[in-house]
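# Structural overview
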Amino acid sequence: MTKTELEQAEQDPDLIALSRQFKATAMELISVLEQKQKTVSRTKVLLDTVPVYRLADIFVASFEISFEEQLSMLDSVDLKVRLSKATELVDRHLQSILVAEKITQKVEGQLSKSQKEFLLRQQMRAIKEELGDNDDDEDDVVALERKMQTAGMPANIWKHAQRELRRLRKMQPQQPGYSSSRAYLELLADLPWQKVSEERELDLRAAKESLDRDHYGLTKVKQRIIEYLAVRKLKPDARGPVLCFVGPPGVGKTSLASSIAKALNRKFIRISLGGVKDEADIRGHRRTYIGSMPGRLIDGLKRVSVSNPVMLLDEIDKTGSDVRGDPASALLEVLDPEQNKTFNDHYLNVPFDLSKVIFVATANRMQPIPPPLLDRMEVIELPGYTPEEKLRIAMKHLIPRVLEQHGLSSAYLQIPEAMVRLIIERYTREAGVRNLERNLASLARAAAVKVAEQANTLRLGKEIQPITTTLLDSRLADGGEVEMEVIPMGHDISNTYENPSPMIVDEAMLEKVLGPPRFDDGEAADRVASPGVSVGLVWTSFGGEVQFVEATAMAGKGDLHLTGQLGDVIKESAQLALTWVRARAADLNLSPTSDINLLESRDIHIHFPAGAVPKDGPSAGVTLVTSLVSLFSNRKVRADTAMTGEMTLRGLVLPVGGVKDKVLAAHRYGIKRVILPERNLKDLTEVPSPILSGMEILLVKRIEEVLGHAFEDGCPLRSRSKL
């Protein structure tokens, strides 16, 4: 371009605007670079001296741009285009420098903050040294290390703990894993690796007296506990069996475990397994999970701070299993003395010795416990209490405890033995004593209301203070005159200090507080007033129960209907009973000949009342046969007779379980005669003698003998019977 053309181009308004924009952007870039490089001041002079069309070339040549962008600049002959491209390149370079500078300032700010904190900590430490107040215990990590040194860890675990401690020292408190590592090390330091409870010399006589004082009855159970303690006395390091107390609620299973701990002078800890479905509750969570924690066993040992407590595994039959594992299977290692020396909790991740722990388990039923777990325990059954035992427990233990819990004493409420016996007979028919205690508490609450209402009238008497002898003596010694207030004879001052008369419970108060009686002795007679009803005995997790079986016939096609929420086993028993009765119909005088079908044009309906309660088990066969024979013969079953036993298709009566519970249930219902399989004779040794002496036990081998005892005038069979 000629000089004239250049002068004309420089006068172009668009070029002038572009040059101003370029100079402004370049000036801003130079001011940013000036803080880092002092040589850029010469470039600032170029902005004022060099022509615009050359200035763009000079600036762009100093940038690091790609080869394509350089060609694009050289290819731009027009001044406006070249200046526009140069402005864009300068602006891009400026923005990249500003972003980099912003990131640098942010990083430097963080570094300066940590350096500032470090400096402040160093100054604080120096100040404490000058003041003589530098205590190592205030340094948490140092205190933790000292605590770990005194924990008595085994050598291999101590090495593991040291390695974890070194990791902790390298971490900042703000790091995510710091708190979890610290909590893990604190757990290692708190666990009782070597600490044990010092056992005093075992006094078996004192232990027996303590058991008798705390528990009434349960002779066999207390004898087994004394045997257990005797072995511990002769050989303290003996690996005793794991005792498992099985029985209905309210019979004292948990308190027996507490008595064992008291006799051994060991700490006691209770771990409830009811509803536990996660294996991690036993073995702990792995530390890789957020919110991980040790299992209940390790946590319990941490709380009691000794490695040899008495640990109660309560409700061991209530564990479940799902996708999170099977807690019952995890307990196999815990209860095996050969394996629990090196119990491995997932959270702890190092072996811990559980062999010093004395494990005691409780359960309501044995059936839900897996066989391998049941094999590791010695089962001791607590079937329940007789009415006489309940009476003694109430008078000796329950009434004093209830009065104390309600702020009363025998001066306010008295419950005679006769009334307690009425509560047992008419309001509670259970194996344990919990409902009995609840009813006694209801009486105590009623008494507490009356005592609280009388408190307003008694408060006046409590505020009247008697004349103190010291004041009277001092006035007489000084020779002063004492003015005596004249009290009118009509005012009875003795009423002011008189305690209210105790409330004595009678039958009227029982009905008013507890309501009408829930049970009566005539229930069995009312239920069996018509043919087709028999009285059976069943076992439940709450103890023995009396179960009525009702059968009736109606027009139909010979079908069998069963109702009452029954399981598969009891349905098969009903089918078996009907088959046997049909096969023996002629021999039982139910039909003239064996060719006649008993179910001709009629259906049979068998019902087990209390349909909301699930019923299943092989012990209702004889009861079903008796009910069907009563129905077909139109004869009533004796109301004072109950029975239990399973039968075969050939009429043999097989033994059943839970004999003691069932006999006690019959006694509670006022039943005087009980039919049992002959092979259950050995189980009668567990039934208390007072109960047996008041009942007639009938032992049978065949179903014909059952029928002979069940009816008033027997059940004569035809002489041609061959089965």
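Basis of the calculations
- Residues numbered from 1 in each chain as written.
- Predicted model: local features only at pLDDT ≥ 70, side-chain atom pairs only at ≥ 80, totals over all residues.
- Heavy atoms only, no water.
- Helix = DSSP H or I, 4+ residues; strand = E, 2+ residues; numbered from the N terminus.
- Buried < 20%, exposed > 50% of the residue type's maximum accessible area, 1.4 Å probe, protein only.
- UniProt positions renumbered as here; feature names shortened; annotations may be inferred.
- Contact = heavy atoms within 4.5 Å.
- 1 Å grid on protein atoms, 1.4 Å probe; cavity = no way out; pocket = protein on both sides within 12 Å on 5 of 7 lines; lining within 4 Å.
- Points joined across faces, edges and corners; volume = space filled by probe spheres on them.
- Nonpolar A, V, L, I, M, F, W, Y, C, P; charged D, E, K, R; others polar.
- Arc of directions from axis to C-beta.
- Salt bridge = Lys/Arg side-chain N within 4 Å of Asp/Glu carboxyl O.

Right, let's talk about unusual backbone geometry for a bit. At asparagine 265, a residue that is not glycine, the phi angle is positive and equals roughly 60 degrees. Summarising the element assignment, asparagine 265 is placed in the loop between helix 12 (253-264) and strand 2 (268-272). Accessibility expressed as a relative area gives 34% for asparagine 265, which makes it partly exposed. Unlike most non-glycine residues, asparagine 349 shows phi in positive territory, near 65 degrees. Topologically, asparagine 349 is positioned in the loop between strand 4 (343-344) and strand 5 (351-352).

Our focus in this paragraph is the UniProt feature "active site" (unreviewed entry) in the chain. In the numbering used here, UniProt assigns the feature "active site" (unreviewed entry) to Ser619 and Lys662. The named residues occupy 44 residues along the chain; their greatest pairwise C-alpha distance, 10.9 Å, places them in one compact cluster. Counting through the fold element by element, serine 619 comes out in the loop between strand 13 (602-607) and helix 25 (621-633). Every residue in contact with serine 619, bar those within four places of it in the chain, is listed here: Leu537, Thr644, Gly645, Glu646, Val656 and Lys662.

This part is about empty space enclosed by the protein. On inspection of all chains with the given rule, the structure shows one cavity of 30 Å³ or more. When its volume is computed, the largest cavity comes out at roughly 40 Å³. For the largest cavity, the full set of lining residues is Leu422, Arg426, Tyr427, Glu507, Leu510, Glu511 and Pro517. Of all the elements in the fold, those that place two or more residues in the lining of the largest cavity are helix 18 (417-426) and helix 22 (507-514). When residues in the lining of the largest cavity are grouped by element, the largest group, three residues, is from helix 22. Across the lining of the largest cavity, the residue classes break down as four nonpolar, no polar and three charged.

What follows concerns helix 10 (residues 204-214). Within helix 10, burial applies to Ala207, Ser210 and Leu211. With its buried residues spanning 100 degrees around the axis, helix 10 presents them on a single face. In this fold, the buried residues of helix 10 make contact with helix 11 (219-234) and helix 12.

Taken as a whole and judged by the stated rule, the model has 28 salt bridges. Aspartate 214 is the partner of lysine 262 in a salt bridge, and the nearest nitrogen-oxygen pair spans 3.3 Å. Residue lysine 262 is found in helix 12, and its partner aspartate 214 is found in helix 10; the two are separated by 48 residues along the sequence. A salt bridge links arginine 376 to aspartate 336, with the nearest nitrogen and oxygen atoms 3.3 Å apart. In this pair, arginine 376 is assigned in the loop between helix 16 (371-375) and strand 7 (377-381) and aspartate 336 in the loop between helix 15 (327-334) and strand 4, connecting sequence segments 40 residues apart. Overall, aspartate 336 belongs to the buried group, its relative accessible area being 14%. Look at the salt bridges and you will find they share partners, linking Glu388, Arg392, Glu417 and Arg421 into a network.

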